[in-house]
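Reading the structure
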Amino acid sequence: MDIKDLKSLIKMVTETDITEFELEAAEEKIRIKRGCAAPVVQYQAPQQMIAMPQQMVQAVAPAAVAAPSAPAETAAPAAAKGNEITSPIVGTFYRAPAPDAAPYAEVGQIVEKGQVLCIVEAMKLMNEIEAEYRCKIVQICKENAQPVEFGEALFIVEPL
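What you see is a predicted model; the values in this text were computed from it and never measured. (Residues numbered from 1 in each chain as written. Predicted model: local features only at pLDDT ≥ 70, side-chain atom pairs only at ≥ 80, totals over all residues. Heavy atoms only, no water.)

**Here's the deal with the confidence of the model for the protein chain**
- Confidence along the protein chain averages 77 in pLDDT terms, with 71% of residues attaining 70 or more.
- Note that pLDDT drops below 50 for residues 49–78; the model gives that stretch 30 contacts with residues more than four away or on any other chain. (pLDDT = per-residue confidence, 0-100. Contact = heavy atoms within 4.5 Å.)

Structure follows, in structure tokens:
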């Protein structure tokens, strides 16, 4: 399996609701898991290719290396009580549809199911993040135009 195939598999997993993917073919075995932690990619190759998997995993999954400030950011949302609304993709967090527009949601605001809370831009595509249920915004975990990782908390909400 070459690097392009691995990249397309990882892209398929991150763009869908799949949380775990496993493929076994001949002497190769690939396992991709995702969730709150960084994606995990395991690759088992034939004996003659034993040095190659580590290079492939490093090239394909650079997000597995956590930023030094990540523990401080994840500790803050844990202090607030409520449910987390997390980023479904890696991108840039925007609170409003335009720089001069009002934010979609503010702390203390009650939002309805399906109401847009923010935008996460990924590869020049603006992805609207909507409330999955009626809730009250307790905390906004990210600053405007700040990068976000998959599974990272964007909001702390209290279900109503």
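**Some words on the pairing of strand 7 (residues 116–122)**
- In terms of burial, strand 7 is largely enclosed, as seven of its seven residues are buried.
- Of the strand pairs in this sheet, strand 5 (residues 91–94) and strand 7 are connected by three bridges, and their pairing is antiparallel. Looking at the pairing, Tyr94 lines up with Ile119 of strand 7.
- Two elements, strand 7 and strand 8 (residues 125–130), share six bridges in a ladder whose sense is antiparallel. Among the inter-strand pairings, Ile119 is bridged to a residue of strand 8, identified as Glu128.
- The hairpin formed by strand 7 and strand 8 contains two residues between the paired strands, and Met123 there has a positive phi angle of roughly 55°. (Buried < 20%, exposed > 50% of the residue type's maximum accessible area, 1.4 Å probe, protein only. Helix = DSSP H or I, 4+ residues; strand = E, 2+ residues; numbered from the N terminus. Pairing = 2+ DSSP bridges.)

**Remarks on the environment of Tyr104**
- Its location among the elements puts Tyr104 in the loop between strand 5 and strand 6 (110–111).
- Linking Tyr104 and Ile119, residues 15 residues apart in sequence, is a C-alpha distance of 9.0 Å.

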